[in-house]
Amino acid sequence: MTIAAGPPVATRRSSDLSKHSAEVFAEAEDHPVTVTRRDGEALVLMSQREAEGRARLLNFAAQLITVTLDDRGSLAERMSKAFPWMLALSPTDRESCA
């Protein structure tokens, strides 16, 4: 899963999907592929695994932003509520993590 930010690393023409579909699909399993079109906006083809990974990353970022914007309790306390795995850390380590 390559959930790094930035544009896809490969670009293919839409005609490649019909002429070389197996090749384009194999490439999209490794990394997102931009498919350019003459008659419309470019599209991005990626594996479901990649899309789900990006969604998980965005969800995690949203949780972090929500926790930092809340003003009830310390940051470590708020993070421990949002991320229960932090309770496995010592109070000192929770503060360091936060």
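Presented here is a report on the structure given in the accompanying data block. (Residues numbered from 1 in each chain as written. Predicted model: local features only at pLDDT ≥ 70, side-chain atom pairs only at ≥ 80, totals over all residues. Heavy atoms only, no water.)

Before going further, it helps to spend a moment on the packing of aromatic side chains. Under the defined criterion, the tally for this structure stands at two aromatic pairs. Relative to Phe83, the ring of Phe60 has its centre 5.4 Å away and its plane inclined at 55°; by these criteria the two rings are tilted. Residue Phe60 is located in helix H3 (residues 48-69), and its partner Phe83 is located in the loop between helix H4 (75-82) and helix H5 (91-97); the two are separated by 23 residues in the primary sequence. For Phe83, a relative accessible area of 5% gives the class buried. Seen from their ring centres, Phe83 and Trp85 are 6.4 Å apart, and the 45° between their planes marks the pair as tilted. (Phe/Tyr/Trp six-rings, centres within 6.5 Å; stacked < 30°, edge-to-face > 60°. Helix = DSSP H or I, 4+ residues; strand = E, 2+ residues; numbered from the N terminus. Buried < 20%, exposed > 50% of the residue type's maximum accessible area, 1.4 Å probe, protein only.)

Turning our eyes to something else, we now look at helix H2 (residues 21-30). For the α-helix, the turn length of 3.6 residues means that residues three or four positions removed from each other point alike. Looking only at H2, the buried set comprises Val24, Glu27 and Ala28. For H2, the buried positions fall inside an angular range of 100° around the axis, keeping them on one side. Across from the buried face of H2, at angles greater than 90 degrees, the exposed residues are Ala22, Glu29 and Asp30. Tucked into the core, H2 has its buried residues touching strand S1 (10-13), helix H1 (14-19), strand S2 (33-37) and strand S3 (40-45). (Arc of directions from axis to C-beta. Contact = heavy atoms within 4.5 Å.)

This part is about the sheet that holds S3. A sheet is described by the order of its strands in space; here three strands give the open sequence S1-S2-S3, paired in mixed fashion. Every other strand in the sheet has two partners, leaving S1 and S3 as the edge strands with one partner each. Strand-to-strand twist in this sheet, taken as the mean axis angle between neighbours without regard to direction, amounts to 25°. Summarising the sheet, S1 and S2 pair through four bridges and their orientation is parallel. Its bridge partner lying in S2, Thr11 is registered against Thr34. In the packing of H2 onto the sheet, contacts are made with S1, S2 and S3, and the angle to S1 comes to roughly 155°. (Pairing = 2+ DSSP bridges. Axes fitted to C-alpha atoms, helices over the stretch in contact; angles between N-to-C directions.)

Let's shift gears to the packing of H3 against H4. For the pair H3 and H4, interaxial distance at closest approach is 9 Å and the crossing angle is 140°. H3 and H4 meet at a crossing whose hand is right-handed. Contacts from Gln63, Leu64, Val67 and Thr68 of H3 reach H4 at Leu75, Arg78, Met79 and Ala82. Across the contact of H3 with H4, the residue classes break down as five nonpolar, two polar and one charged. (Left-handed = near helix turned anticlockwise from the far one by under 90°. Nonpolar A, V, L, I, M, F, W, Y, C, P; charged D, E, K, R; others polar.)

So far we have only geometry, and geometry alone does not tell us how the molecule works.
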